[in-house]
Amino acid sequence: MRPTLLWFKRDLRLQDHPALCDAARRGPVLPLFIVEPEAWRQPDSARQHYEFLTECLRELQAELGQAGCPLLVQVGEACAVLERLWQARHFEALVSHEETGNDWSYARDRAVAAWCRSRGVRWTQHPSHGVVRALKDRDGWRAHWADCMARPLLPVPTLPSAPWPLSSQELPDWAALVPERAHEGQPPQRQRGGRRLALRYLQGFLDDRAARYRGGISSPLSARTACSRLSPYLAWGCLGLREVVQATQTRMDTAGPGRLAQGLRTFQSRLAWHDHFIQKLESEPEQEWRNLHRGYDGLREHDWRAEHFAALQAGRTGWPLVDACVAQLRETGWLNFRMRAMLVSVAAYPLWLHWREVGLWLARQFLDYEPGIHWPQMQMQAGTTGINTTRVYNPVKQAQEQDPQGLYVRQWLPWMQAVPDSWLFEPWRMPPALRQRLGLLGGGQDLTLPIPLVDLELASRQAKARLHERRAEPAVRAAKAEILRRHASRDPAGWSARLAGSSPGARRAGHGPDQLTLEL
Ligand SMILES: Cc1cc2nc3c(=O)[nH]c(=O)nc-3n(C[C@H](O)[C@H](O)[C@H](O)COP(=O)(O)OP(=O)(O)OC[C@H]3O[C@@H](n4cnc5c(N)ncnc54)[C@H](O)[C@@H]3O)c2cc1C
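Residues numbered from 1 in each chain as written. Predicted model: local features only at pLDDT ≥ 70, side-chain atom pairs only at ≥ 80, totals over all residues. Heavy atoms only, no water.

The immediate surroundings of the ligand are formed by 28 residues, with Tyr213, Ser228, Arg229, Asp368 and Glu370 found nearest. Take tyrosine 213: an N or O atom from its side chain is 2.5 Å from an oxygen atom of the ligand. In the environment of the ligand, a nitrogen atom lies 2.9 Å from a nitrogen or oxygen atom belonging to the backbone of aspartate 368. Bound to the protein, the ligand loses 99% of the 820 Å² it would expose on its own. Elements represented by at least two residues in the shell around the ligand include exactly helix H9 (231-235), helix H11 (259-283), helix H14 (337-348) and helix H16 (371-382). Counting residues per element, the shell around the ligand draws most heavily on H11, at 6 residues. (Near = heavy atom within 4 Å. Polar contact = N/O pair within 3.5 Å; in protein donor to acceptor, adjacent residues only side chain to side chain. Areas by Shrake-Rupley, 256 points an atom, 1.4 Å probe, with all protein chains shown as cover. Helix = DSSP H or I, 4+ residues; strand = E, 2+ residues; numbered from the N terminus.)

See below:
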């Protein structure tokens, strides 16, 4: 009997894995992972992603080895690898999940589909949870997603193996894989990969940290421990979304009233956003590189300010909270939602930078880079979706609210340690003589206080005015309806709240995933 090839992509687990169960039902299984050098040359990929992936793969290799069905690792271009395998042994079918990836991976998948057709191999792709391929509009999507989350988890199947005439290749190290980027670093404190750690994060969160979720997720001081920190594990599929949703539901059933239960409810509503956003990119993959609402074309494209971008990337915009966030990202590869939104808002409004370049840079900084969440979020925060409220975060006000004593900025920025409390939020306003006395003038990059390149209030006001001018154009207003039809949630106030079983009061407070004013 010919074996079935199970192609692992961003679904690195054996539990609740529809494609794996499907392959196992058909007979002997050949599990495959392809390390594609070209994927790692893309401008949204980074060494930290690859290192995290290899950690996940090593665990998966061990698990599959124990199950008697070893993982075959191959390095190369996907069609060339499939052809090599085909020549070594004809397989019956190819099975995988549906990947909502970047422009490159969509093109790769089209090439693989063509290869399959040329060889008469049937390729079955299973939906990734609630995300629907070729969806025309959002009618009924919410109910479909809820049904999908309620389905029983699939157990790890017995895996009848098929011996390969080829041996598995070693996972290449980064320098060998992408020699031109051999010296790229990675955040020293980034999370490590693998399902074992993912389960530890999940358990620790459900048992304890969730009690700090509500109220703890907005400030960068508390968010690192108050948030679940599951995002990189969800991005690589070490954990399936359904198992996290159901584990949370089970914990909610026994949590009783109080902070833990409230935290779990809020968390559950956030989980609903995962697929809601990925669905946006799946439905319109072009939003990775062009405005979702074409009426905003030309707004920022021809106005690139290289010195603004350089200051942002270097973490030297002069606004302490912004620069501290960049420093934390460099060290840990993670930031909480509110600070991500603020970073993009600062880039898109006062610094007037187009979201695409900023998005590529942030994709490399975020360990949890998930194209389907990242690009729709980038556009939403930059105001180019046409369907979301313009939300311009003022980094000085954010600092006053989220880090009133300056603990966070002083933790991450050496120059802020010398700044007296009275100048904490606007240190650039200190007279030069005082800066000199404090050693903040000409003390080298680490100690010299950066001065903002633009006047925050004025630049933000001008940016909003430019955006609103576009928004008011009749053609731009008219085009909004079609975007709403394709991408907006049909039940903004209630869907995630209903999933979370929250109180009517909480439901009233919720604004739905499209209006991210919701920071409970
Ligand atoms: C500009 C921008 C880019 C982003 N890029 C990514 C990305 O590449 N990958 C990514 O996973 N998240 C991204 N997010 C969403 C969010 O910031 C992260 O999911 C969250 O900070 C991850 O930490 P956590 O797992 O501890 O979150 P928790 O608050 O514990 O949430 C649990 C899970 O719910 C989902 N979730 C939470 N918030 C959101 C949200 N706003 N939108 C969609 N799903 C959400 C995620 O899967 C997350 O892992 C982005 C947000 C912004 C503003």
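On to the state of the cysteines. Throughout this description, disulfide means a covalent bond between two cysteine sulfur atoms. As enumerated under the stated definition, the model contains 0 disulfides in all. Take cysteine 21: it sits in no disulfide, and the sulfur closest to it among the cysteines is that of cysteine 69, at 13 Å. Among the residues examined, cysteine 21 registers a relative accessible area of 9% and is labelled buried. (Disulfide = S-S within 2.5 Å. Buried < 20%, exposed > 50% of the residue type's maximum accessible area, 1.4 Å probe, protein only.)

For the protein chain, the assigned domains are domain 1 (4-126) and domain 2 (294-482). Computed over C-alpha atoms, the centres of domain 1 and domain 2 are 38 Å apart. Taken together, the contact pairs 11 residues of domain 1 with 11 residues of domain 2. Counting the surface lost from both domain 1 and domain 2, the interface buries some 900 Å², and carbon and sulfur atoms represent 54% of this. Ranking the residues of domain 1 by area buried against domain 2 places Pro43, Asp44 and Gln48 at the top, with a combined share of 47%. Counting across the interface, domain 1 meets domain 2 through 0 salt bridges. Counting every contact that joins domain 1 to domain 2 gives 7 residue pairs in polar contact (both at pLDDT 80 or more). Looking at side-chain class alone, the side of domain 1 that touches domain 2 contains 3 nonpolar, 6 polar and 2 charged residues. (Domains from an automatic or database assignment. Contact = heavy atoms within 4.5 Å. Buried area = accessible area lost by both parts, 1.4 Å probe. Salt bridge = Lys/Arg side-chain N within 4 Å of Asp/Glu carboxyl O. Nonpolar A, V, L, I, M, F, W, Y, C, P; charged D, E, K, R; others polar.)

Bringing the pattern of salt bridges into the picture now. In the structure shown here, the tally under the stated rule is 28 salt bridges. Residues aspartate 16 and arginine 242 are paired through a salt bridge, measuring 2.8 Å at the closest nitrogen-oxygen approach. Placement of aspartate 16 in the loop between strand E1 (4-8) and helix H1 (18-26) and of arginine 242 in helix H10 (residues 241-255) is noted, with a sequence separation of 226 residues between them. As far as burial versus exposure is concerned, aspartate 16 and arginine 242 are alike and both buried. Its salt-bridge partner being glutamate 83, residue arginine 119 comes within 2.7 Å of it at the nearest N-O pair.

Of all hydrophobic cores here, the largest spans 66 residues; its most connected members are Phe8, Leu12 and Trp40. For this core, the leading source of residues is H11, giving 8 residues. When residues of this core are assigned to domains, at least three map to each of domain 1 (4-126) and domain 2 (294-482). Those residues in contact with phenylalanine 8 that lie beyond four places of it in its chain are Arg13, Leu14, His17, Leu20, Pro31, Leu32, Phe33, Leu60, Leu64 and Leu71. Core analysis: the second largest hydrophobic core is formed by 60 residues, Leu321, Cys325, Ala327 and Ala399 among them. (Core = buried A, V, L, I, M, F, W, Y, C linked by side-chain atoms within 4.5 Å.)

Here we come to the pairing of strand E4 (residues 93-97). Here E4 lies mainly inside the structure; 5 of its 5 residues are buried. Across the two faces of E4 the burial is the same, with Ala93, Val95 and His97 and Leu94 and Ser96 all buried. Where E1 meets E4, 3 bridges bridge the pair, whose relative direction is parallel. In the sheet register, leucine 6 faces E4, and the bridge partner there is valine 95. (Pairing = 2+ DSSP bridges.)

On to the sheet that holds E1. What the 5 strands build is an open sheet, ordered E3-E2-E1-E4-E5; its pairing is parallel. On the outer flanks of this sheet lie strand E3 (72-75) and strand E5 (122-126), each paired with one strand and no other. The mean angle between the axes of side-by-side strands here comes to 30 degrees, regardless of whether they run parallel or antiparallel. Pairing analysis gives 5 bridges linking E4 to E5, with the strands arranged parallel. Its bridge partner being in E5, histidine 97 is matched across the sheet by histidine 126. With respect to the sheet, helix H3 (residues 78-88) is in contact with E1, strand E2 (29-35), E3 and E4, its orientation differing from that of E3 by roughly 125 degrees. Here helix H4 (residues 103-119) sits on the sheet and contacts E1, E4 and E5; the angle it forms with E5, its principal contact strand, is near 145 degrees. (Axes fitted to C-alpha atoms, helices over the stretch in contact; angles between N-to-C directions.)

Their axes nearest at 8 Å, the elements helix H5 (residues 141-150) and H10 cross at an angle of 75 degrees. With respect to H10, the element H5 is oriented roughly perpendicular. Contacts between H5 and H10 involve Trp145, Cys148, Met149 and Ala150 on the former and, on the latter, Leu241, Arg242, Val245 and Gln246. A breakdown of the residues in the contact of H5 with H10 according to their chemical character gives 6 nonpolar, 1 polar and 1 charged. (Parallel < 35°, antiparallel > 145°, perpendicular 65-115°, else oblique.)

Applying the stated criterion across every chain, the model contains 16 aromatic pairs. Ring centres 5.4 Å apart and planes at 85 degrees place the aromatic pair tryptophan 86 and phenylalanine 91 in the edge-to-face group. Assessed through its relative accessible area of 6%, tryptophan 86 is described here as buried. Arranged with centres 4.5 Å apart and planes meeting at 55 degrees, the rings of phenylalanine 205 and phenylalanine 267 form a pair that is tilted. Here phenylalanine 205 is found in helix H7 (residues 195-207), whereas its partner phenylalanine 267 is found in helix H11, with 62 residues between them in sequence. Side by side, phenylalanine 205 and phenylalanine 267 carry an identical accessibility label, which is buried. Three or more aromatic residues link up through ring pairs in this structure, and these residues are Trp40, Tyr50, Trp174 and Trp236. The positively charged end of arginine 300 is found above the aromatic ring belonging to tryptophan 352, 4.6 Å away from the centroid. (Phe/Tyr/Trp six-rings, centres within 6.5 Å; stacked < 30°, edge-to-face > 60°. Lys NZ or Arg CZ within 6 Å of the ring centre and 35° of its normal.)

Let us look at the pairing of E2. Burial within E2 is extensive, with 7 of its 7 residues counted as buried. Along E2, one buried face is formed by Val29, Pro31, Phe33 and Val35 and the opposite face, lined by Leu30, Leu32 and Ile34, is buried too. Looking at chain direction, E1 and E2 are connected through 5 bridges and run parallel. What sits directly across from threonine 4, in E2, is valine 29. What joins E1 to E2 is H1, and the crossover it makes is right-handed. Strand direction decides the pairing type here: E2 and E3, joined by 4 bridges, are parallel. Along E3, the bridge assignment pairs leucine 32 with leucine 72. The parallel pair E2 and E3, bridged by helix H2 (residues 47-66), forms a crossover whose chirality is right-handed. (Right-handed = clockwise from strand over helix to strand, strands pointing away.)

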